[in-house]
Amino acid sequence: MNKLSIETTRAQEFIDQSSFEKLEKEIYYKNIDLDQKKGRGSDYLGWHHLPSTISTDLINDIKATAARIRKKANYFVVIGIGGSYLGARAVIEALSNPFAAYKTDDNPKILYAGQNLSEDYLYNLLQLLDNEDYALTVISKSGTTTEPALAFRLLKDHLEKKYGEEEAADRIIAITDASKGALRNLAGQKGYKTYIVPDDVGGRFSVLTPVGLLPIAIAGFDIELLIDGAKKMESLCSSSASPKVNPAALYALTRNALLKKGYTVEILINFSPTLMYFNEWWKQLYGESEGKEHKGIFPAGANFTTDLHSMGQYIQEGQRNLFETLIAVKSPKNKVIIPNDKQNLDGLNYLSGKNVEYVNQMAQLGTSIAHVDGGVPNIKIEIDQINEDSLGQLIYFFELAVAYSGYLLGVNPFDQPGVEAYKRNMFALLGKPGFEKETKEIRKKLQ
Ligand code: PA5
């Protein structure tokens, strides 16, 4: 069976055992708070038992929509920002062939928009789509976020001019709140196919709702296997809050015990470039869930061995406030054997006959030993292979662990009040109706 495992021995030597044991007692009660919905932000616990409760009807509906769209689109644009796109992108990029430039094996190529405000990005995207058959989903729980709303306005206009209003409407799927927001109203008026982001699931916890599942299904991946993987982790973790049984509890405890010793930065590491966006998803999940009230571990990410030649120096010898969490993958899906070379001018014949992953594994082991020797604690999370099942397990594992971690820190892991500050200033600067007072105030600051 594909099984996630966690190894913390290379972190334990940096931790005070007494603080670990104290946290172990606390987590028992935090788990009860979570189960009984008594903790902070308990209106947003819809993700907690999502894998075991998601309805077969919804899964079948998503699969039917995916099949319809896959027939007509070579490209599929996912419009969303933050939790409304990172989960889908993390899974799709982890499972995709990175060199597939165009529709392969009937899978549309997935593109992203609404995650930035770059004019050049949108110009280039529209230019590409001029000559391609495409469809899109616009995902916004609030239905009012500026970046996706703006990208959607441009792409809707583009689609309508290209295909006419009726066919354009058939190529648009809106995923938003059940009743509120500009997007819900627009979708209702235009007759788009819609899915609901459940009220009690925040954006960064929404990958196992239609927010993540629809794009993943359209990309050609098995959403049932993904949910099954998450379900396995849910069932394992709900049996006990003991770190001996529950890997999410062990991870949450270890990172919080490290924080108490001054390790304020966590770097999520991979040795598989397709996991790069998994790092991005994790950074958002942990950054938005923990970074508040002047608390929290700063979540960073690095892709090895690439970043060993950029960040490696700092990690080895810079400030000693870092720890690493490695996502290790036991085996690749494919084999590439290193050939023998008669002349051996590059001196690599000592590796002839070995597969590339063997070298990658030795780099992984060598790195973690070097970093631990250099004073960087290391937590290792291992999966057998990158596939739907293991990604489902990882998703649930990290979601539950951040809920435990937030509660151990004493913050509400399910809100993100800090994200509003830049929006307020941007609206004031743009002169958005309703922001007149803020406009006056910000103009004074600029004088
Ligand atoms: O995790 C979150 O809640 C946020 O990152 C949101 O997903 C992000 O701000 C986008 O919000 P919305 O889906 O309302 O457009």
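First things first, this report covers the structure right here in the doc. (Residues numbered from 1 in each chain as written. Predicted model: local features only at pLDDT ≥ 70, side-chain atom pairs only at ≥ 80, totals over all residues. Heavy atoms only, no water.)

## Here's the deal with the nonpolar core
Note the following rule: What makes a nonpolar core is a set of buried Ala, Val, Leu, Ile, Met, Phe, Trp, Tyr and Cys residues whose side-chain atoms join them at distances within 4.5 Å. Here the term buried applies to any residue with accessible area under 20% of the maximum for its type, exposed to any over 50%, and partly exposed to those in between, with areas from a 1.4 Å probe on protein chains only. Counting from the N terminus, the helices are the DSSP runs of H or I reaching at least four residues and the strands are the DSSP runs of E reaching at least two. Whether two residues are in contact is decided by their heavy atoms: any pair within 4.5 Å suffices.
Counting residues in hydrophobic clusters, the biggest one holds 97 residues, and the most contacted among them are Tyr251, Phe278, Trp281, Leu391, Leu394, Phe397 and Phe398. Here this core gets 14 residues from one element, more than from any other, and that element is helix H16 (residues 388-409). Excluding anything up to four places from it in sequence, Leu391 contacts Val91, Ala94, Leu95, Leu226, Leu275, Phe278 and Ile386.

## Looking at the sheet that holds strand S10 (residues 378-383)
Heads up, the condition is: One requirement defines pairing of two strands: DSSP has to find at least two bridges between them. Angles here are taken between N-to-C directions and fall from 0 to 180 degrees, while the axes themselves are lines fitted to C-alpha atoms, restricted in helices to the stretch in contact.
One open sheet accounts for five strands, arranged S1-S10-S9-S7-S8; its pairing is mixed. On the outer flanks of this sheet lie strand S1 (5-7) and strand S8 (298-303), each paired with one strand and no other. Direction aside, the axes of adjacent strands within the sheet are offset by 20 degrees on average. Packing against the sheet, helix H15 (residues 356-373) makes contact with strand S9 (322-329) and S10, and its axis sits at approximately 160 degrees to S9.

## Overview of helix H9 (residues 182-190)
Quick reminder of the rule: Throughout, the arc means that of the directions going from the helix axis to the C-beta atoms.
Along H9, the residues classified as buried are Leu183, Arg184 and Ala187. Around the axis of H9, the buried residues are gathered within 100 degrees of arc, so they sit on the same side. Facing away from the buried side of H9 by over 90 degrees, the exposed positions are Gly188 and Gln189. The elements touched by buried residues of H9 are strand S4 (134-140), helix H7 (146-163), strand S5 (172-176) and strand S6 (193-196).

## Focus on the sheet that holds strand S3 (residues 109-113)
With parallel pairing, five strands are arranged side by side in an open sheet as S3-S2-S4-S5-S6. Looking along the sheet, the strands with just one partner apiece sit at the ends: S3 and S6. Going from strand to strand, the sheet's axes swing by 20 degrees on average, the running direction of each strand aside. By the bridge criterion, five bridges tie S4 to S5 in an arrangement that is parallel. Within S5, the residue paired with Ile139 across the bridge is Ile175.

## Points about the site of the ligand
For clarity, the threshold we go by: We call a residue near a molecule or strand as soon as one heavy atom of that residue lies within 4 Å of the molecule or strand. Between N or O atoms, a polar contact is any pair within 3.5 Å; within protein, one atom must be a potential hydrogen donor and the other a potential acceptor, and residues adjacent in sequence are included only when both atoms are from side chains. The Shrake-Rupley method, run with a 1.4 Å probe sphere, supplies the accessible areas, and residue values consider only the shown protein chains as cover. Side-chain classes are defined by residue name, with Ala, Val, Leu, Ile, Met, Phe, Trp, Tyr, Cys and Pro counting as nonpolar, Asp, Glu, Lys and Arg as charged, and the others, Gly among them, as polar.
Contacts to the ligand come from 13 residues, most closely from Ser84, Ser140, Ser142, Thr145 and Gln284. Ser84 has a polar side-chain atom sitting 2.6 Å from an oxygen atom of the ligand. Considered on its own, the ligand offers 380 Å² of accessible surface; in the complex 90% of this is hidden by protein. Looking at the shell around the ligand residue by residue, the classes come out as one nonpolar, nine polar and three charged.

## Notes on the packing of H7 against H9
To be explicit about the condition: Working rule for angles: under 35 degrees goes down as roughly parallel, over 145 as roughly antiparallel, 65 to 115 as roughly perpendicular, anything else as oblique.
Two numbers describe how H7 lies on H9: the axes approach to 14 Å, and their chain directions differ by 10 degrees. In terms of axis orientation, H7 runs roughly parallel to H9. Judged by residue contacts, Phe152, Lys156 and Glu160 of H7 engage Leu183, Leu186 and Lys190 from H9. Broken down by class, the residue content of the contact of H7 with H9 amounts to three nonpolar, no polar and three charged.

## A word on helix H12 (residues 247-260)
Applied cut-off: What a helix is expected to span follows from its residue count: subtract one and scale by 1.5 Å.
With 14 residues, H12 extends 20 Å from end C-alpha to end C-alpha; this agrees with the ideal 20 Å at 1.5 Å per step. For H12, a buried count of 13 out of 14 residues is recorded, marking the element as mostly surrounded by other parts of the structure. Sitting at the amino-terminal end of H12 is Asn246, which places a side-chain oxygen 3.0 Å from the backbone nitrogen of Ala248.

## Thoughts on the pairing of strand S7 (residues 265-270)
Looking down a regular strand, the side chains alternate between one sheet face and the other. The condition is simple: Handedness rule for crossovers: strands pointing away from the viewer, path from the first strand over the helix to the second running clockwise, crossover right-handed.
Counting buried residues in S7 gives six out of six residues, a clear majority hidden from the surface. Residues Val265, Ile267 and Ile269 line one face of S7 and the alternating positions Glu266, Leu268 and Asn270 line the opposite face, and both faces are buried. Judged from the six bridges that link them, S7 and S8 form a sheet pairing that is parallel. By the bridge assignment, Asn270 is partnered in S8 with Asn303. Tracing the backbone out of S7, into helix H13 (residues 276-290) and back to the parallel element S8 gives a crossover that is right-handed. When S7 meets S9, the two strands line up parallel, connected through six bridges. Note on S9: the bridge partner recorded for Leu268 is Thr325.

All we've got here are geometric facts, nothing functional implied.
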